[in-house]
Each structure stands twice: as structure tokens, then as C-alpha cells.
Amino acid sequence: MAAAIFFEICGTTCMKFSDGYANLIPTILIFVFYGISFSIFPIALKTIDVSIAYAIWSGVGTAAITVIGIYYFKEPATAVKMVSIFVVMLGVAGLNLSDKLALMYKSRRQT
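The structure displayed is predicted, hence computed values, not measured ones.

> Even after reading the chapter, I still don't get the overall build of the protein chain, so can you show me in this structure?
Across its full length, the protein chain holds four helices and zero strands. The N-to-C order of helical and strand elements in the protein chain reads α-α-α-α. Computed over its C-alpha atoms, the radius of gyration of the protein chain comes to 17 Å, more than 25% above the 13 Å expected for a compact globule of 111 residues. Overall size of the protein chain, expressed as C-alpha extent along the three principal axes, is 60 × 35 × 15 Å. When the 111 residues of the protein chain are sorted by exposure, 27% land in the buried category. Sequence separation of 24 or more characterises 58% of the internal contacts of the protein chain that already satisfy a separation of 6 or more. Summed over all atoms, the accessible surface of the protein chain reaches about 7,400 Å², with 72% contributed by carbon and sulfur.

> What is the right way to look at helix α2 (residues 24-44) in this model?
Along an α-helix, residues three or four apart share an orientation, since each turn contains 3.6 residues. Its 21 residues give α2 an end-to-end C-alpha distance of 31 Å, which sits within 8% of 30 Å, the value for a rise of 1.5 Å per residue. Pro26, Thr27, Ile30, Phe33, Tyr34, Ser37, Phe41 and Ala44 are the residues of α2 that are buried. With its buried residues spanning 125 degrees around the axis, α2 presents them on a single face. Turned more than 90 degrees away from the buried face of α2, the exposed residues are Leu24, Ile25, Phe31 and Ile43. On the buried face of α2, the contacting elements are α1 (2-18) and α3 (50-71).

Procedures and definitions
- Each chain carries its own residue numbering, running from 1 in the written order of its sequence.
- Local features are withheld for residues below a pLDDT of 70 in this predicted model, meaning they are given only at 70 or higher, and side-chain atom pairs are given and counted only at 80 or more; totals for whole chains, interfaces and linings count all residues.
- Only hydrogens and water are removed before side-chain values are computed, so all heavy atoms of the structure are retained for them.
- Helix and strand labels come from DSSP, where a helix needs a run of H or I of at least four residues and a strand needs a run of E of at least two; each type is numbered from the N terminus.
- A radius of gyration in this sense is built from C-alpha atoms; the matching globule rule multiplies 2.2 Å by the number of residues raised to 0.38.
- Categorising residues by exposure relies on relative accessible area from a 1.4 Å probe, with only protein chains included: less than 20% of the type maximum marks a residue as buried, more than 50% marks it as exposed, and the intermediate range marks it as partly exposed.
- Between two residues, a contact is recorded if the distance between any of their heavy atoms is within 4.5 Å.
- All accessible areas in this document rest on Shrake-Rupley with a 1.4 Å probe, and a residue is counted as covered only by the protein chains that are shown.
- Here a helix's expected span is defined as the number of its residues, less one, multiplied by 1.5 Å.
- Within this analysis, the arc is defined by the directions that extend from the helix axis to the C-beta atoms.

Structure representation (C-alpha cells):
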């Protein structure tokens, strides 16, 4: 899952570098990185529910791209962006916890 997220972030970052497909190498890398990401993601789905996996993949990717945009591309770091990143991370943590809590509840009911 981490690898799929990493390559999705690389692909999205290359979108910015491609300058609307004007720069050839970043344009090619968009498709390479997204291809790798979409090839790895189904492997993660063997062990993670699709609803949780997709939420984590997109949530962590969104938060990471926001941070890259602020620090690397010097985009404005507004209060709304910061609160939104926090909410995304809280949601990802909640999804991870929900899985663990569901397993704990299920094991308690079986004993």
C-alpha cells in the first residue's frame, strides 16, 4: 500500500512539472508512476478492504501533495489547508482504527 501511495504522489508531482504536458520527461513519468501505482494497488487489496484501502490511498496522497505543494512549490499555507490536512489524517487514522476495532469486536463475540 505504501508503495502504491508513493508512486501516486510521484505521478501527481510530475503533473506539476509537466507544465500542462509541455515538458516531455515529466509527462512520460506521469504515466509511468501512475501505471506502477495502479499495478501495485490491487496487491494491497488482497489484504485490505477496498473501501478502506482507497480512502487511505487517496487521503494520504492528498495530504502529501498538499505538503509538497506548500514546501516545494511555495503554494500558500492557509489555515483552511492546515485544518483540512489534519482532518484527512484524522480520517485515515479512524479508518485504520475501525478495522482493528471491528476485529476486536468480532473476536470478543466468538469467545
